[in-house]
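Structural overview for review
One letter stands for each residue in the lines below.
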Amino acid sequence: MYTGKTEQPCCLCDDPDAPVRVDLPPRAIPEMKYGGAIAWRDVVGEVSIHFCESDWAVVRDLVLETGMSPLPRCNVARASFDLREDFEAMLDRTRDEPDQSPVESRMRERSDRVRAEYGGDSLHTERDLVEATVVNWVLDGDAGT
Ligand SMILES: [Zn+2]
């Protein structure tokens, strides 16, 4: 079964009106609610989660002020990502798993830049800063406490 990337509702409350999107590396999946069931190493590209306006305000405070990850409360069923086809993944399993490091180093570079430049003359938004903060937590294996 091929799981195409689709627009998803708010990962916290299932509101279909979820205008704020945050992109994360596949490594974020096991930290999400029900994420243990997903073979995150078979995910191709980035994982996107979406928030409605009111939940986004809470998430922003949680990340930037409290320093906690929202991921344990985000339902992985409402995330969007591409899984390799089951058959292909099965054939590959005896060979090597897809290498997540290109997407991870690209995201690390981007998030480091956002965090370094934020607040200066850059055009980074608060959303960019929240995303960058969570990406770094995930890649450091230190997503909240
Ligand atoms: Zn919501």
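In case you missed it, the structure is sitting above this.
Report follows, based on the coordinates. (Residues numbered from 1 in each chain as written. Predicted model: local features only at pLDDT ≥ 70, side-chain atom pairs only at ≥ 80, totals over all residues. Heavy atoms only, no water.)

A word on the overall build of the protein
Basically, it comes down to this: Put simply, DSSP H or I for four residues or longer makes a helix, DSSP E for two residues or longer makes a strand, and each gets a number counted from the N terminus. Exposure is judged per residue with a 1.4 Å probe applied to protein chains only, and the accessible area is read against the type maximum: over 50% gives exposed, under 20% gives buried, and values in between give partly exposed. Note on contacts: a residue pair qualifies if any of its non-hydrogen atoms lie within 4.5 Å across the two residues. Computed with a 1.4 Å probe, the accessible areas rest on the Shrake-Rupley method; for each residue, only the protein chains presented here act as cover.
Looking only at helices and strands, the protein features 4 helices and 3 strands. Starting at the N terminus and ending at the C terminus, the protein contains elements arranged as β-β-α-β-α-α-α. Expressed as a percentage of the 145 residues in the protein, the buried residues total 43%. Across the protein, contacts joining residues at least 24 apart in sequence account for 78% of those joining residues at least 6 apart. Of the roughly 8,100 Å² of accessible surface on the protein, a fraction of 49% belongs to carbon and sulfur atoms.

Brief notes about the pairing of strand 2 (residues 43-51)
Rules: DSSP-based pairing: two strands are paired if at least 2 bridges between them are found.
Buried residues dominate strand 2, accounting for 7 of its 9 residues. Examined bridge by bridge, strand 1 (residues 20-24) and strand 2 share 5 bridges and lie antiparallel to one another. Bridged to leucine 24 within strand 2 is valine 47.

Description of unusual backbone geometry
For aspartate 14, which is not a glycine, the phi torsion comes out positive at approximately 70°. Relative to the helices and strands, aspartate 14 resides in the segment before strand 1. Given a relative accessible area of 40%, aspartate 14 falls into the partly exposed group. With a phi close to 65°, tyrosine 34 is a non-glycine residue in the positive phi region.

Re the sheet that holds strand 2
Stated precisely, the cut-off is as follows: With axes taken as lines fitted to C-alpha atoms, and helix axes fitted only over the stretch in contact, angles between N-to-C directions fall between 0 and 180 degrees.
Across the sheet, 3 strands lie side by side as 1-2-3; this open sheet has antiparallel pairing. Each edge of the open sheet carries a strand with a single partner, namely strand 1 and strand 3 (80-83). Looking at each pair of strands side by side, their axes are set apart by 25° on average, direction ignored.

Points about the coordination of the zinc ion
The following threshold applies: For Na, K and Ca the donor cutoff is 3.2 Å, while for all other metals N, O and S atoms must lie within 2.8 Å; water is not among the atoms, so some sites may look incomplete. Under this scheme a four-donor centre is tetrahedral when all angles range from 85 to 135 degrees, a four-donor centre is square planar and a six-donor centre octahedral when opposite donors are above 155 degrees with the rest from 65 to 115, and any other centre is irregular.
For the zinc ion, the full set of protein donor atoms is Cys10 (SG), Cys13 (SG), Cys52 (SG) and Asp55 (OD), and the range of their distances to it is 2.0 to 2.3 Å. Considering all 4 donor atoms around the zinc ion, angles at the metal cover 103 to 117° and the coordination shape is tetrahedral. Within one chain, the residues donating to the zinc ion are spaced in sequence as C-x2-C-x38-C-x2-D. Placement of the pair is cysteine 13 in the segment before strand 1 and cysteine 52 in the loop between strand 2 and helix 1 (53-66), with a sequence separation of 39 residues. A relative accessible area of 4% means that cysteine 52 is categorised as buried.

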